[in-house]
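Architecture and fold: a report
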Amino acid sequence: MSGFVFSEKPIRIERGEGPLLYDDGGTEYLDAGASYACTPVGHCHPAVVDAVQSQAADLLFVQASYPNDARDAARDALAAAAPEGLGNPWLCNSGTEANEAALKFARSATGNAKLVAAKRAFHGRTAGTLSMTWKEQYRGPYEPLLDDVTFVDYGDEAALRDAVDEETAAVFLEPVQGEGGVHPAPEGYLEAAREATEAAGAALVLDEIQTGLGRTGETWACQRRGVTPDVVTTAKGVASGLPMGATLCADWIAEGAASHGSTFSGGPVVSAAAAATLEVLHDEALAANAAEVGAYLREELAAADLPVRDVRGEGLMVGVEVKRGANRVLRDLAIDHRVLALPAGRTVVRLLPPLVVGREHADRLVDALGEVL
C-alpha cells in the first residue's frame, strides 16, 4: 500500500543517530535529506527520546479541550521562539494542516476570499493548500480546486503588487522555495509583499515549514530579511519528525479566526517532543551551526568546480542544479556513496541535512557529489 502513495526506495532504514542512518544490514548512510528536514537536532537526540518516553509512560493522549502540561509547554516554547508579534500558536499534525489553518484564519479575519501564491510554490496536498501549489503533477488529478487563487512569478515585485487588492485575504510565500528548486527570495521581495499586504489589509503568510527552525541560519528565514508577517507556518522538524505542525498568528489573525479544530492537536507525546526539540535547537545554537556549516558547504561546492549549472540556498538548505537528471545523481549518491538526498524538480539535488552536521559531513557531501558528477 505504501507504494500507492510513495515510490519506495530499495534501502530499509532501521535506526538513526545524529546525522547518520543505518539500514537493516548495518550499512551507514549520511542523511542529507532522507528525513525531509524533519530531524533538525539529529536522529534520536537523547533529550527528545527521554521526553517522549517519559510522557508516554504518563499519558499518551488527551484531546485539546483538557489542559495538559506537555501541550502548554509546547505552546509556550513555540510562542517564545516565534517571530515578534506572532505569539499565538495553533497546533496541528502536519505542514499542510498548518497552511490550511492559515488559509482559513486569513479568510475569516479579513472577510475576503482571494489568495495570491507564487509559481513553483508548494504549500501542501490537502484541497485548500493544493490550490496554492503550482505544479500540475500535484494539482491536475484533483481539480477542480479553489478557483480564487492568483499565481505570480516568484521574485517579481511588480506582479505581486498588481495581484494584491482589496479582495485579497492572504499572500502565501516561501522565503526559500524548496520543492520548487531551492530558490531564495530575491532581495526586497518579501519586503514588497509586506508592503502590499499591509496596504490592502490582507494577511502575509510565510510558509516556513521547510525553512524554519534554524535551517537557513536564523530561527526563521523571515528574520534574515527583517520582515514580520501576519502568520508563519511550521511543521517537519518541530517535533523531531513526530507529526506536528503549528500556525503562528498575529493577534488580529487569532482574534478574527472562526471555529477550527483537530482531534490530535497538541497531543501530549508529540508536544513533549516539540518542547524538547525547541530547547535543543536553542541550547546547542543549531541555527548558528547551520549558518556556518551551510556557508562552508556552498563554498566547497563552488571551489570543487563541479559540472553543475548552479549552487544556491541559505544555511543548510542547499540546491545543486545539475546538467543531467537529478534522480540519477541521487541514485548514484545513495548506492555508491551512502549519501541520501532529495530532488527538487528534475534537475536539482536538494541537500537538507540535520542541523547537527559538521564540516566533515560537508566534506563527505562534496566528495560524493564530485565523484558522481
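In this report, we go over the structure that sits alongside the text. (Residues numbered from 1 in each chain as written. Predicted model: local features only at pLDDT ≥ 70, side-chain atom pairs only at ≥ 80, totals over all residues. Heavy atoms only, no water.)

Across a sheet, strands are paired by hydrogen bonds formed along the backbone, either parallel or antiparallel in direction. Strand order in the open sheet made by the 7 strands is β4-β12-β11-β10-β7-β5-β6, with mixed pairing throughout. The sheet terminates laterally at β4 (88-92) and β6 (149-152), the two strands that pair on one side only. The sheet shows a mean angle of 20° between the axes of neighbouring strands, taken without regard to direction. Strand contacts of helix α3 (residues 69-81): β4, β11 (231-234) and β12 (245-249), with the helix running at about 130° to β4, the strand carrying the most contacts. Those strands touched by helix α4 (residues 95-110) are β4, β5 (114-118), β7 (168-173), β10 (203-207), β11 and β12, and its axis lies near 155° from that of β7. (Pairing = 2+ DSSP bridges. Helix = DSSP H or I, 4+ residues; strand = E, 2+ residues; numbered from the N terminus. Axes fitted to C-alpha atoms, helices over the stretch in contact; angles between N-to-C directions. Contact = heavy atoms within 4.5 Å.)

To continue, consider the layout of surface pockets. Considering only enclosed or pocket space, the second largest pocket measures out at about 280 Å³ in volume. What lines the second largest pocket is a set of 18 residues, and nearest its centre among them are R75, P89, W90, L91 and S265. For the lining of the second largest pocket, the secondary-structure elements that each account for two or more residues are α3, β4 and α10 (251-256). Ranked by the residues each element gives to the lining of the second largest pocket, the list is headed by β4, at 4 residues. Classifying every residue of the lining of the second largest pocket gives 10 nonpolar, 6 polar and 2 charged. (1 Å grid on protein atoms, 1.4 Å probe; cavity = no way out; pocket = protein on both sides within 12 Å on 5 of 7 lines; lining within 4 Å. Points joined across faces, edges and corners; volume = space filled by probe spheres on them. Nonpolar A, V, L, I, M, F, W, Y, C, P; charged D, E, K, R; others polar.)

With that settled, the discussion passes to the packing of helix α13 (residues 326-337) against helix α14 (residues 359-372). Between α13 and α14, the shortest axis-to-axis distance is 10 Å and the interhelical angle comes to 115°. By the angle class used here, α13 and α14 are roughly perpendicular. Like other packed secondary-structure pairs, α13 and α14 cross with a definite hand, here right-handed. Residue-level contacts link V329, D332, L333 and H337 of α13 to R364, A368, L369, E371 and V372 of α14. (Parallel < 35°, antiparallel > 145°, perpendicular 65-115°, else oblique. Left-handed = near helix turned anticlockwise from the far one by under 90°.)

Let us look at empty space enclosed by the protein. Scanning all chains against the criterion turns up 2 cavities of 30 Å³ or more. A37, Q210, G212, L213 and G237 are, among the 13 residues lining the largest cavity, the residues nearest its centre. Computed from the structure, the second largest cavity encloses a volume of approximately 50 Å³. L30, D31, V293, L297, L316, P353, V357, G358, H361, A362 and L365 are the residues that line the second largest cavity. Those elements that provide at least two residues to the lining of the second largest cavity are β3 (28-31), α12 (286-303) and α14. Considering each element in turn, the lining of the second largest cavity owes the most residues, 3 residues, to α14.

Turning our attention to the pattern of salt bridges. Overall, the coordinates contain 17 salt bridges when judged by the stated rule. Here D148 ties to R107 by a salt bridge, and the two come within 2.9 Å at their closest N and O atoms. Residue D148 is found in the loop between α6 (136-139) and β6, and its partner R107 is found in helix α4; the two are separated by 41 residues along the sequence. Taking the relative accessible area as the measure of exposure, R107 reaches 23% and is therefore partly exposed. For R350, the salt bridge identified is with E179, shortest N-O distance 3.2 Å. (Salt bridge = Lys/Arg side-chain N within 4 Å of Asp/Glu carboxyl O. Buried < 20%, exposed > 50% of the residue type's maximum accessible area, 1.4 Å probe, protein only.)

Moving on, we come to the state of the cysteines. Counting across every chain of the model gives 0 disulfides. Distance from the sulfur of C92, which forms no disulfide, to the nearest cysteine sulfur (C249) is 10 Å. (Disulfide = S-S within 2.5 Å.)

The element β10 is extensively covered by neighbouring structure, given that 5 of its 5 residues are classed as buried. Alternating residues of β10 divide into A203, V205 and D207 and L204 and L206, and every residue in both groups is buried. Across 4 bridges, the pairing between β7 and β10 is parallel. From the neighbouring strand, V171 faces β10, where its bridge partner is L204. Where β10 meets β11, 3 bridges bridge the pair, whose relative direction is parallel. Paired with L206 across the two strands is V232, which belongs to β11.

Before going further, it helps to examine helix α8 (residues 189-200). Under the 1.5 Å per step criterion, the end-to-end length of α8 is 17 Å for 12 residues, consistent within 8% with the ideal 16 Å. Looking at α8, one finds that the buried residues are Y189, L190, A192, A193, R194, A196 and T197. For α8, the elements touching its buried residues are β6, α7 (157-163), β7, β10 and α9 (221-225). Just beyond α8, the residue with positive phi is G201, at close to 75°. (Expected span 1.5 Å × (residues − 1).)

Now for unusual backbone geometry. Cis geometry marks the peptide bond from E143 to P144, where omega comes out at 10°. Topologically, P144 is positioned in the loop between α6 and β6. The phi torsion at A37 lies on the positive side, around 65°, for a residue other than glycine. Looking at the element boundaries, A37 is found in the loop between β3 and α2 (46-58).

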